[in-house]
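Next come the chains, spelled out residue by residue.
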Amino acid sequence: MATKIAVPIAAGNLDQARQQIKTAESSGAEMLELRTDYLENLSVDLVKSLIAEARAATLAPLPIIVTCRDIRQGGAIDYPGRLRIEVLTEALKAGVEFIDLEYENFLSSENQERIRRAMSQASKGRLILSTHNFETKFPNIVKLHRHIQTLYPAAIPKLVYKANHINDCFEAFDLLHKTSGERIVFCMGQVGVISRIIAKKLNSFVTFASIDDKNATAPGQLTIEQLKTIYRWDSIDADTKLYGVIGSPVGHSISPVVHNACFAEAGENKLYLPLLVEGGRDEFDYFLRQIFIKNWLGFRGLSVTIPHKENALNFVKENHGVVEPLAEKIGAVNTIIVGPNDILFAYNTDYSAAMDAIGSKVDLKNLPAAVIGAGGVAKAIVAGLSQAGAKVTIYNRTIERGEKLAAEFGCEFAPLDNLANLEAKLVINCTSIGMYPNIDETPVPGDYLKKDMVVFDTIYNPPRTLLLKQAEEKGAQTIEGLLMFIGQAAAQFKLFTGKAPDTKLMRKTILNYL
Ligand code: NAP
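Residues numbered from 1 in each chain as written. Predicted model: local features only at pLDDT ≥ 70, side-chain atom pairs only at ≥ 80, totals over all residues. Heavy atoms only, no water.

**Some points on the packing of helix H11 (residues 281-293) against helix H12 (residues 309-318)**
This is how the line gets drawn: Fitted lines through C-alpha atoms serve as axes, helices being fitted only where they are in contact, and the angles separating the N-to-C directions of these axes extend from 0 to 180 degrees. Runs of E in the DSSP output that reach at least two residues are strands. Runs of H or I that reach at least four are helices, and both are numbered from the N terminus. Working rule for angles: under 35 degrees goes down as roughly parallel, over 145 as roughly antiparallel, 65 to 115 as roughly perpendicular, anything else as oblique. Take the far helix as your reference; a near helix turned counterclockwise from it by less than a right angle gives a left-handed crossing, and one turned clockwise gives a right-handed crossing. We call two residues in contact when some of their heavy atoms are within 4.5 Å. We call Asp, Glu, Lys and Arg charged. Ala, Val, Leu, Ile, Met, Phe, Trp, Tyr, Cys and Pro are nonpolar, and the rest, Gly among them, are polar.
Here H11 crosses H12 at 50°, and the two axes come no closer than 10 Å. Between H11 and H12, the crossing angle belongs to the class labelled oblique. Judged by the sense of rotation from one axis to the other, the crossing of H11 with H12 is right-handed. Here Arg281, Phe284, Asp285, Leu288, Arg289 and Phe292 of H11 come into contact with H12, specifically with Asn311, Ala312, Asn314, Phe315 and Glu318. Grouping the amino acids of the contact of H11 with H12 by side-chain chemistry returns 5 nonpolar, 2 polar and 4 charged.

**Considering the site of the ligand**
The test is simple: A molecule or strand has a residue near it when one of that residue's heavy atoms lies within 4 Å. Counting of polar contacts relies on pairs of N or O atoms within 3.5 Å, with two restrictions inside protein: one atom must be capable of donating a hydrogen and the other of accepting it, and residues adjacent in sequence are counted only when both atoms are side-chain atoms. Under the convention used here, a 1.4 Å probe and the Shrake-Rupley method define accessible areas, while residue burial counts only the protein chains that appear.
As a matter of local geometry, the ligand sits amid 23 residues, with Ala374, Val377, Asn396, Thr398 and Thr458 nearest to it. Taking Thr398, its side chain carries an N or O atom lying 2.5 Å from an oxygen atom of the ligand. Separating an oxygen atom of the ligand from a side-chain N or O atom of Arg401 is a distance of 2.8 Å. When the free accessible area of the ligand is taken as 930 Å², the share hidden by the protein chains comes to 82%. Contributions of two or more residues to the shell around the ligand are made by helix H15 (376-387) and helix H18 (481-497). Looking at the shell around the ligand, the element that brings in the most residues is H18, giving 4 residues. Residue composition of the shell around the ligand, grouped by class: 11 nonpolar, 10 polar and 2 charged.

**As for the layout of surface pockets**
Where we set the bar: Grid points spaced at 1 Å and placed over the protein atoms alone form the basis of the search, with a cavity being a set where a 1.4 Å probe fits but cannot get out and a pocket an open set showing protein on both sides within 12 Å along at least five of seven lines. Lining residues have an atom within 4 Å of a point. Grid points are joined across faces, edges and corners, and a volume is the space filled by probe spheres set on the points. Here the limits of each domain have been adopted from an automatic or database domain assignment.
Counted as a void, the second largest pocket has a volume near 430 Å³. The wall of the second largest pocket is formed by 20 residues, among which Val193, Leu222, Tyr231, Gly251 and Pro274 lie closest to the centre. Listing elements by their share of the lining of the second largest pocket, those giving two or more residues are helix H8 (193-197), helix H9 (224-230), helix H10 (255-265) and strand S10 (270-276). Tallied by class, residues from the lining of the second largest pocket come to 13 nonpolar, 6 polar and 1 charged. Each of two domains, domain 1 (4-238) and domain 2 (243-337 + 492-502), supplies a minimum of three residues to the lining of the second largest pocket.

**Notes on the sheet that holds S10**
We count it as follows: For two strands to be treated as a pair, DSSP must find at least two bridges joining them.
Reading across from one edge, S10-S9-S11-S13-S14-S12 is the order of the 6 strands in this open sheet, with mixed pairing throughout. The open sheet has two edge strands with one neighbour each: S10 and strand S12 (322-323). Judged from the 5 bridges that link them, strand S9 (residues 241-247) and strand S11 (residues 299-304) form a sheet pairing that is parallel. Bridge assignment links Leu242 to a residue of S11, and that residue is Phe299.

**A closer look at the domain arrangement of the protein chain**
Our working rule: Take the accessible area each of two parts loses on contact, using a 1.4 Å probe, and add the two losses: that sum is the buried area. The term salt bridge refers to a side-chain nitrogen of Lys or Arg lying within 4 Å of a carboxyl oxygen of Asp or Glu.
Splitting the protein chain by domain gives domain 1 (4-238), domain 2 (243-337 + 492-502) and domain 3 (351-479). Relative placement of domain 1 and domain 2: their C-alpha centres are 33 Å apart. Summed over both sides, the interface of domain 1 with domain 2 buries roughly 2000 Å², with 68% coming from carbon and sulfur. At the surface where domain 1 touches domain 2, the tally comes to 1 salt bridge. Here Asp174 and Lys294 are joined by a salt bridge, their closest N and O atoms 3.1 Å apart. Within the residue set of the side of domain 1 that touches domain 2, elements represented by two or more residues are helix H7 (170-178) and H8.

Here is the structure:
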């Protein structure tokens, strides 16, 4: 049976609950979780009314989970243990499909006896035995899962823990992979988001999604709309191939929105995820080793962004992969593909996308060019400009980094203060100055810009940065970072699918999203 989306109804009273249930149903909820611990003045009668509301409010009856969460396991209001158990036993009598009780509370003989008796008397209704760790991983999730199964074999075990690093998610994935039947396993927290999405690929019994950001009942819970529209929920199955962008941060990345829209349009059974890999080389290498060893996860390609582009190059080289010569020369990889026989291939699509964007406006031979910044993107662009014969000066905040890049490609270097004497005909911003939310900042004061310049800002959010607006006011030609972004994403899509993407759809998707 395919994984269902359960939407928590976390309301203080019946009026609020009615609204939430309507919204959940119209957003595509496949199950409702009535979080009765959110109800003010909780009583058995109130819960019965809530169940009746849920039945009456939906056109087709949605399966209902009744939960009265203990505050020690993430509950909202601290109700007495006896009342919480009574809520569950009465919900069973009222005919709900599922009740959810904390495994730790089921261990008490009194609670266990009451629940077992109610279960045996109920005409229907299943027990979910859940356990949560809001701090970190469980010491031994396999053993814990086995305990729950042994204690009550007909129960649906639910094991949820906070992932403090994306690498913590692998234990949840392993458990889903190695077990079958009905079980619910996922990770909380920002890095746990992917576990809520690929729960469907790994056949978890349900995933939980909120009706909106305000009503999330656990950290990292996505909205049902995000799950369905960005993360292609309805088309995920066991064969779905996984892709994603590795970086830190990645929360702001528009790559998932863009690639998933293009996968959908091209009819590809592929899903693109945000992969927040914090830390350095060790954490990056561990993450990549895990996703490639666990080939049942189905990862076939990756985009790589700050700060892992160099780590990606080293990983592919050390794992006997094939690195495109230009990516090797630039020293940065932004795309990894798993090719035939699981051989890794590494590329840099930033380079060609930037050069295409610039080449459409100017002839680079002997052109004086100013590159501001000396990071990964600057390096790709400096490599391209040098190869095309431009006379490049690099301006950078950190002098050693700027000088190093200049020496590598035989260019000039100048500190940022020297921008006052800017004589270049091509000016390229390769820093994050002016990027959302700091949209009132610019790397080059407007007074330094001239009519005969071509100004390229690699930033794409916002599409028209202050730098570009001021350049336009001076009558200069401008190039948007969006052009480069679409170019590099289109090249990645081709590597991921072998097909050319619809770049108009890419542009439209990005602009709608931004
Ligand atoms: P990176 O490797 O981290 O390099 C960032 C550069 O920006 C460094 O030179 C850094 O100077 C400089 N910088 C950052 N904040 C600064 C500040 N407040 N003042 C002065 N200098 C500052 O990043 P990257 O991968 O090269 O990416 C740079 C930018 O490119 C991103 O912000 C993004 O908007 C854009 N980008 C665009 C595309 C696209 O497709 N359009 C793709 C990727 C990236 P220091 O050396 O002194 O630290």
